[in-house]
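Residue-level structure breakdown
Residues per chain, in single letters:
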Amino acid sequence: MDALDRLAEPGLDLLDRVDTLLARGAPEHHPVWPLLRRLQVLPGAALHSFLGLHPAPLATAGHAVRQLVRGYDQVCATLSDQVAWSGPAASAYGRSRAALLHQIDEGPDSLVGRLESTAGYADALADWVDRSRVAVARTLADVLGSAEAVAVVAATSPGREPSDGGAGVGEAAEIARRVLAVLSVAYDGAETLLREWSPSLGPAPWRQPPQRPVRFDAPTRLGW
């Protein structure tokens, strides 16, 4: 359990209240509006979704992917064994074997290269989740102890009727701005990672070995 997990219950309670007040609207020209339009979600719902992100499963996935490389290493070792025969068929086999070795474990476009990239992406995502959860926890701790939180709780207490002056709405908008701003930065980081890693995450393209005609000489010892 990290800091964000410990703050989740009071944080969700406060942001649910914020969502309730924002349902009545927010002050005109308040900086929360661009964030609401961009993320298309209220802060309570946004935090609820974000709480489901944890770094451990992603780190475990990266480790599991790296274990698959061992299987390819064994295949490469088998293909690298020299064959004790010669002739045109052996030469054709040698060319195909070299092409397969190249496909499996030579360069970033190989099967092993793609596995390593996938594991690296999982590790990068795990690190992003960890750093983002720390940032969100800090912001949540700040707003929970703020004067705006006191006003929001007072405005949404049981039995409290909405006033004509919109009590607590401005404070709710400010809390929403702060929470949505840090979540927006977090999601920007995820999109950046996807753009950076996408070129190396696709299927490994098959690099067709050069096709050379195989010439079979008639064996004279058989009298052909």
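Nothing here was measured: the structure is a model prediction, and the numbers come from that model.

**With respect to the overall build of the protein chain**
A tally of regular secondary structure across the protein chain gives 8 helices and 0 strands. Secondary structure elements of the protein chain occur, N-terminal to C-terminal, as α-α-α-α-α-α-α-α. Considering the protein chain as a whole, with its 224 residues, one finds that 34% of them fall into the buried category. Long-range contacts, defined here as pairs at least 24 residues apart, represent 84% of the contacts in the protein chain between residues at least 6 apart. Summed over its atoms, the accessible surface of the protein chain is roughly 13100 Å², and 58% of this surface lies on carbon and sulfur atoms.

**Some details on the pattern of salt bridges**
Summed over the entire model, instances satisfying the criterion amount to 8 salt bridges. Among the ionic pairs, D127 bridges to R131, the shortest N-O distance being 2.8 Å. One end of the pair is D127 and the other is R131, both in helix α6 (residues 111–144) and 4 residues apart, which spans about a single turn. A residue is classified by how much of its surface remains accessible, and D127, at 39% relative accessible area, is partly exposed. With a relative accessible area of 47%, R131 lands in the partly exposed category.

**Regarding the nonpolar core**
If you look at the biggest cluster of nonpolar residues, it comprises 40 residues, and the most contacted ones within it are L4, V18, L47 and I175. Secondary structure elements with two or more residues in this core: α1 (3–22), α2 (32–39), α3 (43–50), α6, α7 (147–155) and α8 (169–197). With 11 residues, α8 is the single largest residue contributor to this core. With sequence-adjacent residues up to four places away left out, L4 is seen in contact with L47, F50, L51, R133, V136, A137 and L140. Judged by nonpolar contacts, the second largest core, of 9 residues, contains V69, C76, L101 and V112.

**Some details on the side chain of R114**
In this fold, R114 is placed in helix α6. Every residue in contact with R114, bar those within four places of it in the chain, is listed here: P108, D109, P199, S200, L201, G202, P203, A204 and P205.

**Details of the confidence of the model for the protein chain**
Detailed reading of the predicted coordinates is not advisable wherever pLDDT is low. Looking at the protein chain, the pLDDT average stands at 85 and 88% of residues meet or exceed 70. In this model residues 213–224 is a low-confidence stretch, pLDDT under 50, and it forms 6 contacts with partners more than four residues away in sequence or in other chains.

**Here's the deal with the environment of L35**
With respect to the helices and strands, L35 occurs in helix α2. For L35, a relative accessible area of 15% gives the class buried. Separated by 146 residues in sequence, L35 and A181 have C-alpha atoms that sit 6.9 Å apart. If sequence neighbours within four positions are ignored, L35 has contacts with Q40, R177, L180, A181 and S184.

**Let's talk about a negative patch on the surface**
Together, D73, D105, E106 and E116 make up a region of like negative charge exposed at the surface. By the secondary structure assignment, D105 is in helix α5 (residues 88–105).

**Comments concerning the side chain of T156**
Topologically, T156 is positioned in the loop between α7 and α8. Within polar-contact distance, the side chain of T156 engages the side chain of R17 at 2.8 Å. Excluding residues that lie within four positions of it along the chain, T156 makes contacts with R17 and L21.

**Observations concerning unusual backbone geometry**
A positive phi angle, close to 70°, is found at H29, a residue other than glycine. In this structure, H29 sits in the loop between α1 and α2. Look at Q40: it is not a glycine, yet its phi comes out positive at around 55°. Tracing the chain through its elements places Q40 in the loop between α2 and α3. Residue Q40 is classed as exposed on the basis of its relative accessible area of 65%.

So, how was this worked out
Along each chain, residue indices are assigned from 1 in the same order as the chain's sequence is written. In keeping with the model being predicted, local features are shown solely for residues with a pLDDT of at least 70 and side-chain atom pairs are shown and tallied solely at 80 or more, while totals for entire chains, interfaces and linings include all residues. With hydrogens and water excluded, all non-hydrogen atoms of the structure serve as input to the side-chain values. Secondary structure elements follow DSSP: runs of H or I no shorter than four residues count as helices, runs of E no shorter than two count as strands, and numbering proceeds from the N terminus. Whether a residue is buried, partly exposed or exposed follows from its accessible area with a 1.4 Å probe, protein chains only, as a fraction of its type maximum: under 20%, in between, or over 50%, in that order. Only heavy atoms matter for contacts: two residues are in contact if any of them lie within 4.5 Å across the pair. Each accessible area value is a Shrake-Rupley result obtained with a 1.4 Å probe; residue values ignore everything except the protein chains displayed when judging cover. When a carboxyl oxygen of Asp or Glu is within 4 Å of a side-chain nitrogen of Lys or Arg, the pair counts as a salt bridge. For our purposes a nonpolar core is just a set of buried Ala, Val, Leu, Ile, Met, Phe, Trp, Tyr and Cys residues, chained together by side-chain atoms within 4.5 Å. Per residue, pLDDT captures the predictor's confidence, and it can take any value from 0 to 100. Patches here: salt-bridge-free residues with over 30% relative accessible area, like charges joined within 9 Å, nonpolar side chains (Val, Leu, Ile, Met, Phe, Trp, Tyr) joined within 5 Å. Just so you know, the count uses Lys and Arg for positive and Asp and Glu for negative, and it drops His and the chain ends. Think of each charge as sitting on NZ of Lys, CZ of Arg, CG of Asp or CD of Glu. Pairs of N or O atoms within 3.5 Å make up the polar contacts considered here, provided that, within protein, one atom can donate a hydrogen while the other can accept it, and that residues adjacent in sequence are counted only when both atoms are side-chain atoms.

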